[in-house]
Amino acid sequence: MDKLCPIDLRSDTVTRPDEPMRAAMAAAEVADDVLDGDPTMATLEAETAELLGQQDAIWVPSGCMGNAIALMLHLSRGDRFLAPCGAHVLENELGTSSWLALGAPQALAWHERGRPRPEDIHAFASGEEPYFALRTRLLCLENTHMVAGGTVTSLEEHQRLVAAARKASLSIHLDGARLCNASVALGVSPTELAHDVDSVQICLSKGLGAPVGSVLAGSAAFVEEARRMRKMLGGGVRQGGIMAAAGRHALTRRKELATDHNNAVQLSRGLRTLGWSVNDPETNMVLADVVDISTTLQRLRSVGVLAVPVGARVRFVLHADVSAGDVTEVLRRIRNAL
Ligand SMILES: *Cc1c(COP(=O)(O)O)cnc(C)c1O
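This write-up is about the structure you can find in this document. Just so we're clear, the structure is a prediction, and the values are computed from it rather than from any experiment.

**A short note on the overall build of the protein chain**
Here's step 1: In terms of regular secondary structure, the protein chain is built from 14 helices and 15 strands.
Here's step 2: Relative to the globule expectation of 20 Å for 338 residues, the C-alpha radius of gyration of the protein chain, 20 Å, shows essentially globular dimensions.
Here's step 3: Principal-axis analysis of the C-alpha atoms gives the protein chain an extent of 60 × 50 × 35 Å.
Here's step 4: By the burial criterion, 53% of the 338 residues in the protein chain qualify as buried.

What follows is the structure in structure tokens.
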């Protein structure tokens, strides 16, 4: 291996479609999805609805659009919504929850990495507020939690949070960009992890390796409205079957996410041996505490190891285009250079 050939651990979005995926895309049966439906899109949407235990589903070009549509449908002007601190809908979607969905965001503290407490939902939505208080309407969960380092919410915790939200008459949206990682890590089906939510979004373009696309699932009535909203946002596409075929192929790769999780454990162990302070990865992300983030990232780049900052920590993400051998090579480069 060329020493300077970069190993890209910035994100699981950098994966490129492999040959079988490209072949599936090339062979896809297609039609105009805006006019009267694309058959491959329809199949992907039906399969994903079933995978997530929802009545119906709709393909969207990105996870951000899936979340934006969900929040636009769940919230009215000035409604408050709750989401765990650092959630993608709070920090990484350019405020669309406010300027498109007109919601008032409220971050929930973590009681443990990325996981809020059911009691805190009650604190913001007791049902006993006076008429002039903010009205809380929605709980937005994130599993796995990205900023916390790909941390997993267990089925029991999910159920407790859902029960607290229901008690407060809140709707529930699950940002499941990496729900399949959580499912594989826990050995629990995506259906169970999306139990009793009103809507759920999963990304096909992260660890699952599709070049583009997410799927938003919910009730038939919700998805019917979501289809109008997607069109308003410019997200209706014509012969989308080419992308849906990539998505269908991506979903067959779910079990392979376990390889990324194993590689994350190998990387964290190796870094610890080299004296680094790192998390115990729950899925495909390794977070490292460093003294000087920009110097560290620059040194890593100089030896062909690409990573990104998350706050003051270095984030390494394992994905399908990084093998166990690449992890060994990353550790070798870091040992020699830092
Ligand atoms: C990546 C991500 C999204 C958004 O997906 P895009 O396809 O990049 O718009 C939403 N939520 C979480 C937790 C993510 O990691």
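**Structural notes on the site of the ligand**
Here's step 1: In the vicinity of the ligand there are 13 residues, among which Gly63, Cys64, Asp175, Arg178 and Lys206 approach most closely.
Here's step 2: Gly63 has a polar backbone atom sitting 2.8 Å from an oxygen atom of the ligand.
Here's step 3: One of the side-chain nitrogen or oxygen atoms of Asp175 is found 2.6 Å away from a nitrogen atom of the ligand.
Here's step 4: Relative to its unbound accessible area of 380 Å², the ligand is 86% covered by the protein chains.
Here's step 5: For the shell around the ligand, the residue count by class is four nonpolar, four polar and five charged.

**Section: the pattern of salt bridges**
Here's step 1: Scanning the model with the defined rule gives 20 salt bridges in all.
Here's step 2: Its salt-bridge partner being Asp198, residue Arg166 comes within 3.1 Å of it at the nearest N-O pair. In this pair, Arg166 is assigned in helix α7 (residues 155-167) and Asp198 in the loop between α9 (190-193) and β9 (199-203), connecting sequence segments 32 residues apart.
Here's step 3: What makes Asp198 partly exposed here is its relative accessible area of 25%.
Here's step 4: In this structure, Arg333 engages Glu329 in a salt bridge whose closest nitrogen and oxygen atoms are separated by 2.8 Å.

**Quick notes on the nonpolar core**
Buried together is how nonpolar side chains tend to be arranged in soluble globular proteins.
Here's step 1: Counting residues in hydrophobic clusters, the biggest one holds 45 residues, and the most contacted among them are Ile121, Leu139, Leu170, Leu179, Val200 and Ile202.
Here's step 2: No other element matches α7, which puts five residues into this core.

**Description of unusual backbone geometry**
Here's step 1: Going from Asn143 to Thr144, the amide bond is cis rather than trans, its omega being 0°.
Here's step 2: Tracing the sequence through the fold places Thr144 in the loop between β7 (136-142) and α7.
Here's step 3: One non-glycine residue, Leu102, lies in the positive phi region at around 65°.
Here's step 4: Within the secondary structure, Leu102 sits in the loop between α5 (96-99) and β4 (104-108).

What counts as what
Counting from 1, residues in each chain are numbered in the order their sequence is written. Reporting in this predicted model follows two pLDDT cut-offs: at least 70 for local features of residues, and 80 or more for side-chain atom pairs to be given and counted; totals over whole chains, interfaces and linings ignore these cut-offs and use all residues. Here the side-chain values reflect all heavy atoms present in the structure, with hydrogen atoms and water set aside. By definition, any uninterrupted DSSP run of H or I lasting at least four residues is a helix, any uninterrupted run of E lasting at least two residues is a strand, and each is numbered from the N terminus. The globule rule used for comparison is 2.2 Å times the number of residues to the exponent 0.38, while the radius of gyration itself is calculated over C-alpha atoms. Accessibility here uses a 1.4 Å probe with only protein chains present; expressed as a share of the type maximum, an area under 20% marks a residue as buried, one over 50% as exposed, and anything in between as partly exposed. Put simply, a residue is near a molecule or strand once any heavy atom of it comes within 4 Å of that molecule or strand. Here a polar contact is taken to be a pair of N or O atoms separated by no more than 3.5 Å, where protein atoms must pair a possible hydrogen donor with a possible acceptor and residues adjacent in sequence count only if both atoms sit in side chains. All accessibility values rest on the Shrake-Rupley procedure with a 1.4 Å probe; residue burial counts only the protein chains present in the view. For this scheme, ten residues count as nonpolar: Ala, Val, Leu, Ile, Met, Phe, Trp, Tyr, Cys and Pro. Four count as charged, namely Asp, Glu, Lys and Arg, and the remainder, Gly too, count as polar. Salt bridge, as used here, is a side-chain nitrogen of Lys or Arg placed within 4 Å of a carboxyl oxygen of Asp or Glu. Throughout this description, the term nonpolar core refers to a set of buried Ala, Val, Leu, Ile, Met, Phe, Trp, Tyr and Cys residues connected via side-chain atoms within 4.5 Å.

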